[in-house]
Amino acid sequence: MTYEEKVQWLQRYQLEMQREKELVEELVQLRNRATAIEAHIDDIPKRKTNSDIILTAVASIIEAEKRLGDQIKKCGQIRSKTIEAITSVSKEREQLILRYRYIVGLGWEKIAEKVKICPKWCKTLHDKAIEGLEISRRGGDD
């Protein structure tokens, strides 16, 4: 894998975590809408029965919960594979930089502060760690 491909592979976890957050927000919105439907059920025109409206809202919530559950599982799998790859790096400080960057999602300034080095050296160590990174392609994890 090239440097860029390795970085892109490592970034999957943060991207999937963002998707998880979006699904949580969607679920919150669906629940809020369902609550609003219940509160104002008498104001809804009688084209549909009240139970149809509530059942539709509940079905939407159940589907969103399923999607969120699937996403949480996916994030866990990607996280495990990412951590496994990060631990293949021989130096502990470089592993730490990679964990802060790709698991925790910190920027260079914060990582450098936590590792107690300058940001430029942090980026240099990151690049060195990426070069030493071993990514297993078993199990279709691309």
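Look up: the structure comes first, before these words.
Residues numbered from 1 in each chain as written. Predicted model: local features only at pLDDT ≥ 70, side-chain atom pairs only at ≥ 80, totals over all residues. Heavy atoms only, no water.

Things to note about the overall build of the chain
Part 1 of the reasoning: Within the chain, the regular secondary structure consists of five helices and zero strands.
Part 2 of the reasoning: In sequence order, the chain lays out its α and β elements as α-α-α-α-α.
Part 3 of the reasoning: In the chain, which comprises 142 residues, the share counted as buried stands at 32%.
Part 4 of the reasoning: Only carbon and sulfur atoms are counted for the fraction: they give 53% of the accessible area of the chain, which is about 9,300 Å². (Helix = DSSP H or I, 4+ residues; strand = E, 2+ residues; numbered from the N terminus. Buried < 20%, exposed > 50% of the residue type's maximum accessible area, 1.4 Å probe, protein only. Areas by Shrake-Rupley, 256 points an atom, 1.4 Å probe, with all protein chains shown as cover.)

Considering a nonpolar patch on the surface
Part 1 of the reasoning: A cluster of nonpolar residues, Ile54, Val58 and Ile62, forms a patch on the protein surface that exposes about 230 Å² of accessible area.
Part 2 of the reasoning: By the element assignment, Ile54 lies in helix 2 (residues 50-86). (Patch = residues over 30% accessible without salt bridge, like charges linked within 9 Å, V, L, I, M, F, W, Y side chains within 5 Å. Salt bridge = Lys/Arg side-chain N within 4 Å of Asp/Glu carboxyl O.)

Quick word on helix 4 (residues 108-115)
Side chains that are three or four residues apart share a direction in an α-helix, a result of its 3.6 residues per turn.
Part 1 of the reasoning: Of the residues making up helix 4, those classed as buried are Ile111, Ala112 and Val115. Down the axis of helix 4, the smallest arc covering the buried residues is 100°, so these residues share one side. For helix 4, the exposed residues set more than 90 degrees away from the buried face come down to Glu109 and Glu113.
Part 2 of the reasoning: Taken together, the buried residues of helix 4 touch helix 3 (92-104) and helix 5 (119-132).
Part 3 of the reasoning: Residue Lys116 follows helix 4 closely and has a positive phi angle near 65°. (Arc of directions from axis to C-beta. Contact = heavy atoms within 4.5 Å.)

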